[in-house]
Amino acid sequence: MKVLVPVKRVIDYNVKVRVKADGSGVDLANVKMSMNPFDEIAVEEAIRLKEKGAVEEIVVVSIGVKQAQETLRTALAMGADRAILVVAADDVHQDIEPLAVAKILAKIVEEEQPGLVIAGKQAIDNDMNATGQMLSALLGWGQATFASEVEIAGDAAKVTREVDGGLQTISVKLPAIITADLRLNEPRYASLPNIMKAKKKPLDEKTAADYGVDVSPRLEVVKTAEPAGRSAGIKVGSVDELVAKLKDAGVV
Amino acid sequence: MAVLLIAEVNGADLALDATAKAVSAAKALGDVTVLVAGSGIGGAADAAAKIAGVSKVLSADDAAYAHGLAEPLADLVVSLAGGYSHIVAPSTASAKNALPRIAALLDVMVISDVTGVVDADTFERPIYAGNAIQTVKSKDATKVLTVRTASFEAAGEGGSASVEAAAAAGDKGLSAWVEDKVAASDRPELTSAKIVVSGGRGVGSEESFGIIAALADKLGAAVGASRAAVDSGFAPNDWQVGQTGKVVAPELYIACGISGAIQHLAGMKDSKIIVAINKDEEAPIFQVADFGLVADLFDAVPELTSKL
Ligand SMILES: Cc1cc2nc3c(=O)[nH]c(=O)nc-3n(C[C@H](O)[C@H](O)[C@H](O)COP(=O)(O)OP(=O)(O)OC[C@H]3O[C@@H](n4cnc5c(N)ncnc54)[C@H](O)[C@@H]3O)c2cc1C
Ligand SMILES: Nc1ncnc2c1ncn2[C@@H]1O[C@H](COP(=O)(O)O)[C@@H](O)[C@H]1O
């Protein structure tokens, strides 16, 4: 079976995000960018399935600016076999919406015919949590989101999902979409020899137009603002003082 | 304008708080019809009909909807979607699972985690773990959105909407439910609790989480956790508060042994009063805490429990 893993280039999760003074967005110039953390987990899961013999080939795909190449190289260094870069923007500030991403991915799925797509649950920049579900709708496939455990059993995947009340296990027919949650695995680091080897792995470059997908946004960003700030209060010296303050505030 | 609001259902019961909060957001958009989908949900449909501001309830009582599987629920909602300008649900795990699927089937974008309604097309939502608030105007014919419950007051009771049966839309059998592992608890639910006591990596073990739970029980509070505490196996996944966990805004949030990473703050910084107990006086959590106590939590938390 072939597995497709979409990986997004996003601001590194350790970077302090700054809203641009003119309210036009978030400053991404000269900021450290990395693979979306959930996508590292998705790539890792695909590699583990390959190591178990359930998967033969792992194809990673990224849609966005040309620099997303670096993200794909990282995935190749972790252990993916092949990459497809879909250039859909030339400004790093332009985010391609999940619906357009899902439409491009659906075309790639038609071409590549994977038995499984493993995406991240959520991109930590737009925090949409939508692409996997949208792709699965467009393909008419089943979906198993927020996965914390995946087991391939014949023509189905048994997936444990993190839900509001705890855990839910479902069985989804293949081909299907799985989205990775935090507890699915701990992604490996790429070793130096593997980083070198990754430079020679195939990376195909395409454009959104090659797939005939219109990536113009459905949601017009009117403005981007700083959230309401919260100032530090006071330090209390003892538990007694804390209890007195909480009583004064009327919350206990 | 007409809104189809998808009620949150747990088992056969209405999740009243989450649904009533979404009703508050939806009322601003138009006439609200609530869809209750599940199996044996007659009581839930009646409960939804009593929420003030609901004008009609559609009850889709069918085994296909018993476990909230996204595919049949999405097909049902799409079969009913004609005539509605907005499809709305509270931002729960089940709605986050289904609404993007519904949006894609309607060829529209989903607008996730709405924290403010500006007008019928324009919404506010947090991005980058709440480090920025984006205002977006939708160009789509139908707006599909999830609303963050922590940002809206629950609509009250006192409604008397009619309840009609909705025809089921079949099940293609793309996925099947196997089992739920849901721990029963007498504590209030995390996202609706007035007080939340949370523990982080500093708590150190699953057993030590007992002192967090004891304080919570003394206060009638829910228990929360940081990602590090969940990853380490000290606490179950459904206790995680944060960017990719639950978002809470209680009257009082007590963070014990939590450093205050931005991803954690994203889930609790709208709490009315924040208390931080941490032995590191430099911990970033103190930058958002109204009352900070620099102390070892193993001394301070039991002492607090005994003195309240
Ligand atoms: C994609 C992604 C998503 C994430 N989503 C979330 C999320 O939703 N929620 C979330 O919480 N995190 C999330 N994180 C993780 C986040 O970045 C932090 O790693 C995490 O919040 C740290 O948890 P912590 O504060 O418990 O642990 P630490 O940062 O290790 O802090 C432990 C604290 O305990 C204190 N301490 C230790 N012992 C004691 C003691 N005896 N008494 C008092 N204090 C003590 C220490 O001083 C320290 O400040 C996410 C990260 C990523 C990359
Ligand atoms: N531009 C993109 N390129 C590749 N994968 C993407 C892109 N956008 C989203 N994804 C995938 O979809 C997941 C969910 O993203 P989102 O729906 O934006 O929160 C991510 O974790 C990725 O796996």
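Since the model is a prediction, treat every value here as computed from it, not as a measurement. (Residues numbered from 1 in each chain as written. Chains lettered and ligands numbered in written order. Predicted model: local features only at pLDDT ≥ 70, side-chain atom pairs only at ≥ 80, totals over all residues. Heavy atoms only, no water.)

Focus on the sheet that holds strand S5 (residues 54-61) of chain B
Residue and element names in this part refer to chain B. Here we have 7 strands laid out as an open sheet, ordered S7-S11-S6-S1-S4-S5-S12, and parallel in their pairing. Taken across any chain shown, the strands that pair with only one partner, and hence form the sheet edges, are strand S7 (110-114) and strand S12 (162-165). Between one strand and the next, the sheet's axes are offset by a mean angle of 25°, whatever the strand orientation. In this sheet, S5 lies alongside strand S4 (residues 31-38) in parallel orientation, the contact comprising 7 bridges. Its bridge partner lying in S5, Val34 is registered against Val57. Sheet contacts for helix H2 (residues 42-49): S4, S5 and S12; angle to S5, the most-contacted strand, approximately 170°. (Pairing = 2+ DSSP bridges. Helix = DSSP H or I, 4+ residues; strand = E, 2+ residues; numbered from the N terminus. Axes fitted to C-alpha atoms, helices over the stretch in contact; angles between N-to-C directions. Contact = heavy atoms within 4.5 Å.)

A closer look at the side chain of Glu71 of chain B
Looking at the element boundaries, Glu71 of chain B is found in helix H3 (residues 70-80). This buried residue, Glu71 of chain B, is left without a salt bridge; Arg101 of chain B holds the nearest opposite charge, at 4.8 Å. Dropping the residues within four chain positions of it, Glu71 of chain B is found in contact with Trp141, Gly142 and Gln143 of chain A together with Arg101, Leu174 and Ser175 of chain B. (Buried < 20%, exposed > 50% of the residue type's maximum accessible area, 1.4 Å probe, protein only. Lys, Arg positive; Asp, Glu negative; His and termini not counted. Salt bridge = Lys/Arg side-chain N within 4 Å of Asp/Glu carboxyl O.)

Looking at the site of ligand 1
The local shell around ligand 1 holds 29 residues, among which Arg201, Ser226, Gln240, Ser259 and Asn278 of chain B are the closest. For ligand 1, an oxygen atom lies 2.6 Å from a polar atom in the side chain of Arg201 of chain B. A distance of 3.0 Å separates an oxygen atom of ligand 1 from a polar atom in the backbone of Arg227 of chain B. Among the elements of the structure, helix H1 (37-51) of chain A together with helix H6 (227-231), helix H7 (262-265) and helix H8 (297-307) of chain B are those that each provide at least two residues to the shell around ligand 1. (Near = heavy atom within 4 Å. Polar contact = N/O pair within 3.5 Å; in protein donor to acceptor, adjacent residues only side chain to side chain.)

Observations concerning the pattern of salt bridges
Residue and element names in this part refer to chain A. On inspection of all chains with the given rule, the structure shows 31 salt bridges over all chains. Asp95 serves as the salt-bridge partner of Lys8, at 2.7 Å between the closest nitrogen and oxygen. Of this pair, Lys8 sits in the loop between strand S1 (2-6) and strand S2 (9-11) while Asp95 is found in the loop between strand S5 (82-87) and helix H3 (98-112), placing the two residues 87 residues apart along the sequence. Between Arg188 and Glu51 there is a salt bridge whose closest N-O contact spans 2.9 Å.

Some remarks on the packing of H3 of chain B against helix H4 (residues 93-105) of chain B
Helix-helix packing is described using two parameters, namely the angle between the two axes and the distance between the axes. Residue and element names in this part refer to chain B. Running from N to C, H3 and H4 cross one another at 50°; their axes reach a closest spacing of 9 Å. The pairing of H3 with H4 is recorded here as oblique in orientation. For the crossing formed where H3 meets H4, the hand is right-handed. Mapping the contact onto sequence places Ala70, Glu71, Leu73, Ala74, Asp75, Val77 and Val78 in H3 and Asn97, Ala98, Arg101, Ile102 and Leu105 in H4. Considered class by class, the residues forming the contact of H3 with H4 number 8 nonpolar, 1 polar and 3 charged. (Parallel < 35°, antiparallel > 145°, perpendicular 65-115°, else oblique. Left-handed = near helix turned anticlockwise from the far one by under 90°. Nonpolar A, V, L, I, M, F, W, Y, C, P; charged D, E, K, R; others polar.)

What to know about the interface of chain A and chain B
The interface is formed by 77 residues belonging to chain A together with 84 residues belonging to chain B. Summed over both partners, the interface of chain A with chain B buries about 6700 Å², with 56% contributed by carbon and sulfur atoms. Between Arg218 of chain A and Asp107 of chain B there is a salt bridge, with the nearest N and O atoms lying 3.2 Å from each other. Where chain A touches chain B, the interface holds 46 residue pairs in polar contact (both at pLDDT 80 or more). Only H3, helix H4 (131-139), strand S7 (142-153), strand S8 (156-163), strand S9 (166-173), strand S12 (219-225), strand S13 (234-236) and helix H6 (239-248) of chain A provide two or more residues apiece to the side of chain A that touches chain B. The element that contributes the greatest number of residues to the side of chain A that touches chain B is S9 of chain A, accounting for 8 residues. Among the residues forming the side of chain A that touches chain B, the class breakdown is 38 nonpolar, 19 polar and 20 charged. (Buried area = accessible area lost by both parts, 1.4 Å probe.)

Comments concerning the site of ligand 2
All names here are of chain A. Of all residues adjacent to ligand 2, which total 19 residues, the nearest are Pro6, Asp39, Ile63, Ala123 and Thr131. Between ligand 2 and Gly120, the relevant distance is 2.9 Å, taken from an oxygen atom to a main-chain nitrogen or oxygen of the residue. In isolation ligand 2 has 480 Å² of accessible area, and contact with the protein removes 99% of it. For the shell around ligand 2, the elements supplying multiple residues, two or more each, are strand S4 (57-64), H3 and strand S6 (116-120). In terms of residue count, the dominant contributor to the shell around ligand 2 is S4 (3 residues). In terms of residue class, the shell around ligand 2 is made up of 10 nonpolar, 7 polar and 2 charged. (Areas by Shrake-Rupley, 256 points an atom, 1.4 Å probe, with all protein chains shown as cover.)

Some points on the pairing of strand S18 (residues 291-294) of chain B
When S13 of chain A meets S18 of chain B, the two strands line up parallel, connected through 3 bridges. Across the sheet, residue Lys235 of chain A finds its bridge partner in S18 of chain B, namely Gly292 of chain B. Pairing geometry for strand S17 (residues 273-278) of chain B and S18 of chain B, over 4 bridges, is parallel. Bridge pairing in S18 of chain B links Asn278 of chain B to Val294 of chain B.

Concerning the sheet that holds strand S16 (residues 252-256) of chain B
The strands that make up a sheet pair up through hydrogen bonds in the backbone, lying either parallel or antiparallel. Spatial ordering of the open sheet is given by S13(A)-S18(B)-S17(B)-S16(B)-S14(B)-S15(B), a layout of 6 strands whose pairing is parallel. For this open sheet the edge positions go to S13 of chain A together with strand S15 (222-225) of chain B, each flanked by a neighbour on one side alone. Recorded for the sheet is a direction-independent mean angle of 20° between the axes of neighbouring strands. With 5 bridges joining them, strand S14 (residues 195-199) of chain B and S16 of chain B adopt parallel strand pairing. By the bridge assignment for S16 of chain B, Ser198 of chain B is matched with Ala255 of chain B. Contacting S14, S15 and S16 of chain B, helix H5 (residues 209-219) of chain B runs over the sheet at an angle of about 175° to S14 of chain B. Sitting on the sheet, H8 of chain B is in contact with S16, S17 and S18 of chain B, with an inclination near 135° to S17 of chain B.

Thoughts on the pairing of strand S1 (residues 2-6) of chain B
All names here are of chain B. Counting buried residues in S1 gives 5 out of 5 residues, a clear majority hidden from the surface. By the alternation rule, side chains of S1 split into Ala2, Leu4 and Ile6 and Val3 and Leu5, which are all buried. As paired strands, S1 and S4 are joined by 5 bridges and run parallel to one another. Residue pairing across strands places Ala2 opposite Asp31, the latter belonging to S4.

Quick look at the domain arrangement of chain B
All names here are of chain B. In terms of domain boundaries, chain B breaks down into domain 1 (2-165) and domain 2 (190-307). Placing the centre of domain 1 and that of domain 2 at their C-alpha centroids yields a distance of 30 Å. Between domain 1 and domain 2, the contact holds 8 residues from the first and 9 residues from the second. Taken together, both faces of the contact between domain 1 and domain 2 bury some 700 Å²; the carbon and sulfur share is 52%. Its largest share of buried area at the contact with domain 2, domain 1 owes to Ala129, Arg148 and Ala150, together 59% of the area lost on that side. Joining domain 1 to domain 2, the criterion identifies 0 salt bridges. (Domains from an automatic or database assignment.)

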